[in-house]
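Each chain, letter by letter, is given below.
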Amino acid sequence: MRNTINSMKMTIPGYSRNESLARMCAAAFVSQLDPTVEEISDIRAAVSEAVTNCIVHGYRDTIGDIDIRMKLLDDDTFYIKITDKGAGIADIEQAMQPMFTTSPDGERAGLGFAVMESFTDSLRVKSTPGKGTSVTMTKKLGRRERNGQTD
Ligand SMILES: Nc1ncnc2c1ncn2[C@@H]1O[C@H](COP(=O)(O)OP(=O)(O)OP(=O)(O)O)[C@@H](O)[C@H]1O
Ligand SMILES: [Mg+2]
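Residues numbered from 1 in each chain as written. Chains lettered and ligands numbered in written order. Predicted model: local features only at pLDDT ≥ 70, side-chain atom pairs only at ≥ 80, totals over all residues. Heavy atoms only, no water.

1. Concerning the site of ligand 1
Formally: Distances are taken per atom, and a residue is near a molecule or strand as soon as one of its heavy atoms is within 4 Å of it. Side-chain atoms alone can form a polar contact between residues adjacent in sequence; in general such a contact is a pair of N or O atoms within 3.5 Å, and within protein one must be able to donate a hydrogen while the other accepts it. Note that accessible areas follow from Shrake-Rupley with a 1.4 Å probe, and for residues the cover is restricted to the protein chains shown. Put simply, DSSP H or I for four residues or longer makes a helix, DSSP E for two residues or longer makes a strand, and each gets a number counted from the N terminus. Classes in brief: Ala, Val, Leu, Ile, Met, Phe, Trp, Tyr, Cys and Pro nonpolar; Asp, Glu, Lys and Arg charged; the others, Gly included, polar.
Near ligand 1 you find 19 residues, and of these N53, H57, T101, T102 and L111 are the closest. Within the backbone of G58, a nitrogen or oxygen atom sits 3.4 Å from a nitrogen atom of ligand 1. The contact in question runs from an oxygen atom of ligand 1 to an N or O atom on the side chain of R108, over 3.0 Å. Relative to its unbound accessible area of 600 Å², ligand 1 is 93% covered by the protein chains. Tallying contributions element by element places helix 2 (residues 37-58) first for the shell around ligand 1, with 5 residues. Taken together, the residues of the shell around ligand 1 break down into 7 nonpolar, 9 polar and 3 charged.

In structure tokens:
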């Protein structure tokens, strides 16, 4: 059983500018584990895709709250759950297929879930149409000596 060594909750309105706020907060939170530049950049990319999806697909032309919970676990795992109370997803399996998008104007590539999957160790999506969506991701950071020792 893994213990939680630190945790954080934040709720932000789904303004598009809050996508960068969310990824900056995730990067700041995980910095306690002394991650590599690559690990931080993977986490920023995954969080960015999940939050963007809440904004553009979950809430579409409306503004609603995005709830973000983060944890650091004692085996150097970063955990994040990102929830919206927006439109929801009817067919999750289909939505997670690379290149699948419901964006009507061809502006989106349908690669957000593929990015989340490849930059993290686990990705779980739960959704109820009309009620909202939650995306949970974990990423185990490489074991390194802490306190500025070897990498
Ligand atoms: N939070 C969400 N609420 C409602 N629908 C969602 C949500 N997240 C994803 N979806 C649905 O899943 C589809 C696939 O998402 P994904 O992020 O992979 O691609 P995309 O957002 O369409 O394109 P891209 O991320 O490349 O800009 C979306 O087109 C949308 O239909
Ligand atoms: Mg997307």
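2. Focus: the environment of L21
What counts is decided by this rule: Buried, partly exposed and exposed residues are distinguished by accessible area as a fraction of the type maximum, computed with a 1.4 Å probe on protein chains only: under 20%, between the cut-offs, and over 50%, respectively.
Examined against the element boundaries, L21 turns out to sit in helix 1 (residues 18-30). In this structure L21 comes out as partly exposed when scored by relative accessible area, which is 33%.

3. Concerning the sheet that holds strand 2 (residues 65-73)
Test applied: Between any two strands, pairing holds if DSSP finds at least two bridges. For helices, the fitted axis covers only the stretch in contact; all axes are lines through C-alpha atoms, and the angles between them, taken along N-to-C directions, range from 0 to 180 degrees.
Within the open sheet, the 5 strands sit side by side as 1-2-3-5-4. Their pairing is antiparallel. Across the chains shown, the open sheet's two edge strands, defined by having one partner strand only, are strand 1 (4-13) and strand 4 (122-128). When the angles between neighbouring strand axes are averaged without regard to direction, this sheet yields 10 degrees. Here 8 bridges tie strand 3 (residues 77-84) to strand 5 (residues 132-140), and the two strands are oriented antiparallel to one another. Among the inter-strand pairings, D84 is bridged to a residue of strand 5, identified as T133.

4. Re the pairing of strand 3
Residues in a regular strand point their side chains to alternate faces of the sheet. Most of strand 3 sits inside the fold, with 6 of its 8 residues counted as buried. Sheet topology places strand 2 next to strand 3; 8 bridges connect them, and they run antiparallel. Residue pairing across strands places D67 opposite T83, the latter belonging to strand 3. Hairpin connection of strand 2 to strand 3: 3 residues between the antiparallel strands, including D76 at a positive phi of 65 degrees.

5. Some points on the nonpolar core
Using the following cut-off: What we call a nonpolar core is a set of buried Ala, Val, Leu, Ile, Met, Phe, Trp, Tyr and Cys residues that are connected through their side-chain atoms within 4.5 Å. Whether two residues are in contact is decided by their heavy atoms: any pair within 4.5 Å suffices.
In terms of nonpolar packing, the biggest core is built from 32 residues, with I66, I68, M70, F78, I82 and M137 touching the most fellow members. Looking at this core, the elements that each hand over two or more residues are strand 1, helix 1, helix 2, strand 2, strand 3, helix 4 (112-119), strand 4 and strand 5. Ranked by residue count, the leading element in this core is helix 2, at 7 residues. Ignoring any residue separated from it by four or fewer positions in sequence, one finds I66 in contact with M10, T11, I12, G14, V51, C54, I55, Y59, I82 and T83.

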